[in-house]
Amino acid sequence: MINGDVSFWWNQIGRGAPRPPLPGPITADVCIVGAGYTGLWTAYYLKKAAPALRIVILEQRFAGYGASGRNGGWLTNSITGGREQYVSSHGHDAAARFQTSMNETVDEVIRVAALEGIDAGIVKGGEFTVAYDQPQQRRLEASARAEQRWEMTDVELLSPAAARARIDVAGTTGAMWHPHCARIHPAKLAAGLARVVETLGVEIYENTRVGEITPGRAVTEHGPVDAEFVVRATEGFTAGLKGLHRAWLPMNSSLIATAPLSDAVWESIGWTESETLGDMAHAYMYAQRTTDDRIAIGGRGVPYRFGSRTDSDGHTPASTVEALRGILTRFFPATAGVAIDHAWSGVLGVPRDWAATVGLDPTTGLAWAGGYVGTGVATTNLAGRTLTDLILERDTGLTGLPWVNHRVRNWEPEPLRWLAVHALYRAYSFADRAELTRRQTTSPVASIADVVSGRGH
């Protein structure tokens, strides 16, 4: 088994020759810090809209090194932290516009990938969420009823028999499904986007770490980049920037990928429509059937490292690998003898209120997007289009969405944030174990489980 090496996705396709680092101090119209999905989508739409702009992207390792090349491959319509927060703050209509925009974003990514010849293994099979005990079933039914009050969500509640006919998860008590989700190969999308923006004339400098962002400048070890607009697109690595150590907490998520499964195993499982798969546990899992007939399955391992530290190559503790294998075989007993070919981890950005944000301060030229809490595969595209409109001073439907220019207070200093995050996930694990053993318990996290999004897709 390969452990780390960034991710299975990159190991599968190879990284190619590294791009050169920043050659020295330069000037640009727009400097984007971070060559993940957010930075690449922003560069794509900006360059398409204003070809004369000089756009420079600075990346600490290589394009797609962070969450963009390590995630679970869920291109889904989730609003980070939940839609109801925007009902409270901006009203029903604003929240509905946001949800409709997220639905459309899934199709926009698919459209651009086809237009630009990016073969990212995209199959729009929908999102399938399963329950396998009665507490989960109650949460599932409540969630489905809540979603069905919004006509644009298109959620279907499935009986146990109907659920097992689609994906035969052992002990299924029911499931819900909606069509606004696609399975993707994360690294293929990142590599394809990087190739496309370079052909448009965007400059990408790799192995160029930015230590500080100030108005009009990104400071690197190779010299500064001066630009009218500087876009912070650093997601889980934001804590490494000067002055931003407590802005977004870097949350760890881990995945494993099996060896390719035999036809006999797939026949027992079903899963023929490439749906993404999740569950209603508190410390939930996320999975996909890969383009080459493996199962990639993820969840929280060690959720947070003291001092907002981040890993370099995605090495994953053996206990996390075994925990994920346990989920896999509990879901699909036929996989008990299947080898695990790869394990890896990555970090995602978590704001203090668990709500993603995109914005621009016109007085300083500083822009940002992120805090996706694991729901960024689609949201990054919406962020890139929104940043384009903000930078070009276009008043559009996107710039009026309720997450634009949303601000939130910093996380608490250590050791408080370490204690809070680890206590939360210990409580999640306790609640899930209690449910699986059919003990009656009042979960200490039940009331906030739906608020904390945190999926690693």
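Here's what I pulled together on the structure shown here.

Reading the values: the criteria
- Residues numbered from 1 in each chain as written.
- Predicted model: local features only at pLDDT ≥ 70, side-chain atom pairs only at ≥ 80, totals over all residues.
- Heavy atoms only, no water.
- Axes fitted to C-alpha atoms, helices over the stretch in contact; angles between N-to-C directions.
- Helix = DSSP H or I, 4+ residues; strand = E, 2+ residues; numbered from the N terminus.
- Parallel < 35°, antiparallel > 145°, perpendicular 65-115°, else oblique.
- Contact = heavy atoms within 4.5 Å.
- Nonpolar A, V, L, I, M, F, W, Y, C, P; charged D, E, K, R; others polar.
- Phe/Tyr/Trp six-rings, centres within 6.5 Å; stacked < 30°, edge-to-face > 60°.
- Buried < 20%, exposed > 50% of the residue type's maximum accessible area, 1.4 Å probe, protein only.
- Salt bridge = Lys/Arg side-chain N within 4 Å of Asp/Glu carboxyl O.
- Polar contact = N/O pair within 3.5 Å; in protein donor to acceptor, adjacent residues only side chain to side chain.
- Left-handed = near helix turned anticlockwise from the far one by under 90°.
- Expected span 1.5 Å × (residues − 1).
- Lys, Arg positive; Asp, Glu negative; His and termini not counted.

### Observations regarding the packing of helix α4 (residues 92–115) against helix α10 (residues 376–391)
Line of reasoning, step 1. Close contact between α4 and α10 brings their axes to 9 Å; oriented N to C, the two are set at 100 degrees. The orientation of α4 relative to α10 falls into the category roughly perpendicular. Between α4 and α10, the residues in contact are Phe98, Ser101, Met102, Thr105, Val106, Glu108 and Val109 and Ala378, Thr379, Asn381, Leu382 and Arg385, respectively.
Line of reasoning, step 2. The class makeup of the residues in the contact of α4 with α10 is six nonpolar, four polar and two charged.

### So, the packing of aromatic side chains
Line of reasoning, step 1. With the rule as written, the count across this model stands at 16 aromatic pairs.
Line of reasoning, step 2. With 5.3 Å between their ring centres and 90 degrees between their planes, Trp10 and Phe62 make a pair best called edge-to-face. With Trp10 in helix α1 (residues 8–13) and Phe62 in the loop between β3 (55–58) and β4 (74–76), this pair connects stretches of sequence that are 52 residues apart.
Line of reasoning, step 3. Judged by relative accessible area, Trp10 falls into the buried class, the value being 4%.
Line of reasoning, step 4. Under the relative-accessibility criterion, Phe62 is labelled buried at 10%.
Line of reasoning, step 5. One aromatic cluster in this structure is built from Tyr132, Trp266, Trp271, Phe331 and Phe332.

### Digging into unusual backbone geometry
Line of reasoning, step 1. In the Ramachandran plot, Val373 falls in the positive-phi region, its phi being about 50 degrees despite a non-glycine side chain.
Line of reasoning, step 2. Here Val373 is to be found in the loop between β19 (366–370) and α10.
Line of reasoning, step 3. Within the chain, Glu393 stands out as a residue other than glycine whose phi angle is a positive 55 degrees.
Line of reasoning, step 4. For Glu393, a relative accessible area of 73% gives the class exposed.

### Some words on the pattern of salt bridges
Line of reasoning, step 1. Applying the stated rule across the entire model yields 17 salt bridges.
Line of reasoning, step 2. Lys124 is the salt-bridge partner of Asp107, the closest N and O atoms lying 2.7 Å from each other. Pair noted here: Asp107 is in helix α4 and Lys124 is in the loop between α4 and β5 (127–131), with a separation of 17 residues, a long-range link.
Line of reasoning, step 3. Within the structure, one salt-bridge network assembled from shared partners comprises Arg19, Glu198 and Glu206.

### Some details on the side chain of Ser254
Line of reasoning, step 1. Mapped onto the elements, Ser254 comes out in strand β13 (residues 249–258).
Line of reasoning, step 2. At 2.7 Å, the side chain of Ser254 forms a polar contact with the side chain of Ser345.

### Considering the packing of helix α2 (residues 37–49) against α4
Line of reasoning, step 1. At their nearest, the axes of α2 and α4 sit 14 Å apart, and the two run at 70 degrees to each other. Classified by the angle their axes make, α2 and α4 are roughly perpendicular. Crossing of α2 against α4: the hand is left-handed. Taking contact as the criterion, the partners of Trp41, Tyr44 and Tyr45 in α2 are, on α4, Glu108, Val109, Val112 and Leu115.

### Things to note about helix α7 (residues 186–199)
Line of reasoning, step 1. Between the first and last C-alpha of α7 there are 20 Å, a value that for 14 residues agrees with the 20 Å anticipated at 1.5 Å per step.
Line of reasoning, step 2. Burial in α7 covers these residues: Pro186, Ala187, Leu189, Ala190, Gly192, Leu193, Ala194, Val196 and Val197.
Line of reasoning, step 3. Those residues of α7 that are buried lie in contact with α1, α2, α4 and β9 (203–205).
Line of reasoning, step 4. Just beyond α7, the residue with positive phi is Gly201, at close to 110 degrees.

### Some remarks on the side chain of Arg232
Line of reasoning, step 1. Tracing the backbone shows Arg232 in strand β12 (residues 223–232).
Line of reasoning, step 2. For the buried residue Arg232, which engages in no salt bridge, the nearest side chain bearing the opposite charge is Glu235, 7.6 Å off.
Line of reasoning, step 3. Setting aside anything within four residues of it in sequence, one finds Arg232 in contact with Val33, Ile213, Thr238, Leu241, Leu244, Trp248, Ala367, Trp368 and Ala369.

On their own, these measurements won't tell you what the molecule is for.
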